[in-house]
Amino acid sequence: METSKNILLFLLILNSFTSNIFSKDVNSQNSYANRSLPNLETKNYKISVIGSGYVGLVAGAGLAYFGNSVVCADIDNSKVELLNQGEIPIYEPKLKELISEQIKLDRLKFTSQVEDAIRSSDIIFIAVGTPMDDTGRTDLSYIEAVAKAIGKNLNGYKIICTKSTVPVNTGQLIKDLISLESEDKFEFDVVSNPEFLKEGDAVNDFLNPDRVVLGVETEKAKEILNDIYRPLIERDIPFIYTSLNTAETIKYVANSFLATKISFINEVANFCEKVNADVLVVAKGIGLDKRIGQYFLNPGPGFGGSCFPKDTHSFLHKANQNGLNLQIVEAALKVNAQQRKHVFEKISNLLEGELEGKTIAILGLAFKAETDDIRESPAIYLIKEFLASKANIKAYDPMASNNMKHLYPDITYASSSADALSGADIAVILTEWKEFKELDLSKAASTMKNKVLFDARNILKVNELKDLGFKFANIGLAQVK
Ligand code: UGA
């Protein structure tokens, strides 16, 4: 009787645990507040995460959330100080709350002493940047530096798990470097555990992944990683166990496939413009076919961010090194570059080719909504073109203006969308922020100098724009009305 009561209690706790923590409801405001973790028999491993960028911070906080003791290490002292004061250096919804909660529970710490973090942990997750160099090759210098530091500080068996996006064979390179630096004094395992989180929804993606990929070569490492990810295994999240090379390849193929899907729909949008068809209905019509899938079929100004452009280039580069030409991925990149030009041409057409002296209100500087990240943002390309055409720019973004100021200090930054639109000759929506979807168009119509608008994310109601007398265009609309 007592046993069955205990089982019932456990099931109840487990149920509330899974329904709260792993809620797919990304809007629930309090999902990280005032909650304690049930004992899911995680073994409280000592984990260090090297690199406190988007991936490192989210993974560190998420692994702490799974019940482990995590220290996030970064060589940037000012970043670490900020984190220790409970502030986060990026805008990522829910992350600050999750980090604060885990700090309070004493499961998450930050340090700039990378070597101490390595020495005191059982598992080391590498989450440093892997930028692209001028030739499209991935610069592995941060990865190499971390691998060498791990080798030098190896003081017992450890698992080294790569979360950074790295080209195939990097796991082997990490193994070789650690072996060399540690003079093979201690046993270690290298695992590839690519991360699939998206900026803007990263916490949710980490806690609710579609799958977890583990390139793992020994049973010992596999068992420990299964322990660490136990809360996900309990929920029947699919796990793929494979080789290092296959795991590394999966990450590049996933990003390249998604990038290709976006370029494909952007080409279809351009076709729709010519033949008077509606790309959004086309996307829905094909997306409901499960073999195609409805996600990542939103046409727009072309993909940006720190991943798709870099990873597609890196994939091409790696293939070239192996004597292969990946024509589809190459085309996806070509179409993406073309799409930005196409957007510029459409804006130019709305202004009848006369940009000089015109005031362009840009709404949205981030490469997508819910982030302050401007890396490879279409806004960067367009601002450059507008400035070359001698237009005046009034830019507004709810989160990313400060980042853009580093790149373009001399354009005007508005304090709100209304401020940006006031007196503008044209409004250009580049990012799908919720507040732009809810734009007061009748107010815009009365404060703008000219009622001209370009919607690069197809978020505004065409009928409302028409009724208010706007001259406008979007992506995939038949013709300028
Ligand atoms: C992407 C992947 O989606 C993640 O799975 C992956 O983990 C991450 O890269 C990474 O490798 O770290 P992210 O770059 O944060 O995530 O953002 P996405 O939501 O994928 O958007 C990328 C770009 O594609 C953005 O410019 C976005 O506006 C554009 N996009 C996306 C479209 O134009 N249309 C769509 O339908 C979807």
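Below is a summary of the structure that appears in this document. (Residues numbered from 1 in each chain as written. Predicted model: local features only at pLDDT ≥ 70, side-chain atom pairs only at ≥ 80, totals over all residues. Heavy atoms only, no water.)

1. Some thoughts on the overall build of the chain
Here is step 1: The helix and strand tally for the chain stands at 20 helices and 14 strands.
Here is step 2: Here the chain has a C-alpha radius of gyration of 24 Å; the compact-globule value for 481 residues is 23 Å, and the two agree.
Here is step 3: In terms of principal-axis extent, the alpha carbons of the chain reach across some 70 × 60 × 45 Å.
Here is step 4: A fraction of 74% describes how many contacts in the chain between residues 6 or more apart in sequence connect residues 24 or more apart.
Here is step 5: Split by element, the accessible area of the chain, about 22,300 Å² in all, is 51% carbon and sulfur.
Here is step 6: For the chain, the distance from the average site of its 54 positive side-chain charges to the average site of its 62 negative ones is 3 Å. (Helix = DSSP H or I, 4+ residues; strand = E, 2+ residues; numbered from the N terminus. Rg over C-alpha atoms; globule rule 2.2 N^0.38 Å. Contact = heavy atoms within 4.5 Å. Areas by Shrake-Rupley, 256 points an atom, 1.4 Å probe, with all protein chains shown as cover. Lys, Arg positive; Asp, Glu negative; His and termini not counted. Charge placed at Lys NZ, Arg CZ, Asp CG, Glu CD.)

2. Here's the deal with the pattern of salt bridges
Here is step 1: For the structure shown, the criterion picks out 20 salt bridges.
Here is step 2: Linking Asp227 and Arg230 is a salt bridge whose minimum nitrogen-to-oxygen distance equals 2.8 Å.
Here is step 3: Salt-bridge contacts for Glu273 lead to Lys346; the nearest nitrogen and oxygen are separated by 2.5 Å. Note that Glu273 is positioned in helix α11 (residues 244–275) and Lys346 in helix α14 (residues 327–350), a separation of 73 residues in sequence. Neither Glu273 nor Lys346 differs from the other in exposure class; each is buried.
Here is step 4: A network of salt bridges, in which partner residues are shared, links Glu199, Asp373 and Arg375. (Salt bridge = Lys/Arg side-chain N within 4 Å of Asp/Glu carboxyl O. Buried < 20%, exposed > 50% of the residue type's maximum accessible area, 1.4 Å probe, protein only.)

3. Side note on the packing of aromatic side chains
Here is step 1: In the structure shown here, the tally under the stated rule is 10 aromatic pairs.
Here is step 2: Aromatic side chains Phe66 and Phe206 sit 5.9 Å apart centroid to centroid with 25° between the ring planes, which places their arrangement in the stacked category. Highlighted residues: Phe66 in the loop between α2 (54–65) and β2 (69–73) and Phe206 in helix α8 (residues 202–207), separated in sequence by 140 residues.
Here is step 3: Above the face of the Tyr157 ring, Lys220 is positioned so that its terminal group lies 3.8 Å from the ring centre.
Here is step 4: One cation-aromatic arrangement involves Lys222 over Tyr241; the distance from NZ or CZ to the ring centre is 4.3 Å. (Phe/Tyr/Trp six-rings, centres within 6.5 Å; stacked < 30°, edge-to-face > 60°. Lys NZ or Arg CZ within 6 Å of the ring centre and 35° of its normal.)

4. Details of the site of the ligand
Here is step 1: Neighbouring the ligand are 19 residues, the closest being Phe196, Leu197, Lys251, Asn255 and Lys368.
Here is step 2: Glu195 is positioned such that a nitrogen or oxygen atom in its backbone is 3.4 Å from an oxygen atom of the ligand.
Here is step 3: Alone, the ligand offers 710 Å² of accessible surface; in the complex the protein occludes 92% of this.
Here is step 4: Looking at the shell around the ligand, the elements with two or more residues in it are α11 and α13 (308–321).
Here is step 5: Broken down by class, the residue content of the shell around the ligand amounts to 9 nonpolar, 3 polar and 7 charged. (Near = heavy atom within 4 Å. Polar contact = N/O pair within 3.5 Å; in protein donor to acceptor, adjacent residues only side chain to side chain. Nonpolar A, V, L, I, M, F, W, Y, C, P; charged D, E, K, R; others polar.)

5. Describing the environment of Ser401
Here is step 1: Positionally, Ser401 belongs in helix α16 (residues 401–407).
Here is step 2: The class for Ser401 is buried, based on a relative accessible area of 10%.
Here is step 3: Once the C-alpha coordinates of Ser401 and Ser415 are considered, the two residues, 14 residues apart in sequence, prove to be 9.4 Å apart.
Here is step 4: Residues within four places of Ser401 in sequence aside, it is in contact with Leu365, Tyr396 and Tyr413.

6. What about the packing of helix α6 (residues 141–153) against helix α7 (residues 170–182)?
Here is step 1: Put simply, α6 and α7 touch, their axes get as near as 7 Å, and they point 35° apart. Two packed elements cross with a definite hand, and for α6 against α7 that hand is right-handed. Together, Ile143, Glu144, Ala147, Lys148, Ile150, Gly151 and Lys152 of α6 and Thr170, Leu173, Ile174, Leu177, Ile178, Glu181 and Ser182 of α7 make up the contact between the two elements.
Here is step 2: For the contact of α6 with α7, the per-class residue count stands at 7 nonpolar, 3 polar and 4 charged. (Axes fitted to C-alpha atoms, helices over the stretch in contact; angles between N-to-C directions. Left-handed = near helix turned anticlockwise from the far one by under 90°.)

7. Regarding the environment of Asn77
Here is step 1: Looking at the element boundaries, Asn77 is found in helix α3 (residues 77–84).
Here is step 2: With 35 residues separating them in the primary sequence, Asn77 and Ser112 have C-alpha atoms 5.7 Å apart.

8. Thoughts on the layout of surface pockets
Here is step 1: Considering only enclosed or pocket space, the second largest pocket measures out at about 380 Å³ in volume.
Here is step 2: No other element matches α11, which puts 8 residues into the lining of the second largest pocket.
Here is step 3: Looking at the lining of the second largest pocket residue by residue, the class counts come to 13 nonpolar, 3 polar and 3 charged. (1 Å grid on protein atoms, 1.4 Å probe; cavity = no way out; pocket = protein on both sides within 12 Å on 5 of 7 lines; lining within 4 Å. Points joined across faces, edges and corners; volume = space filled by probe spheres on them.)

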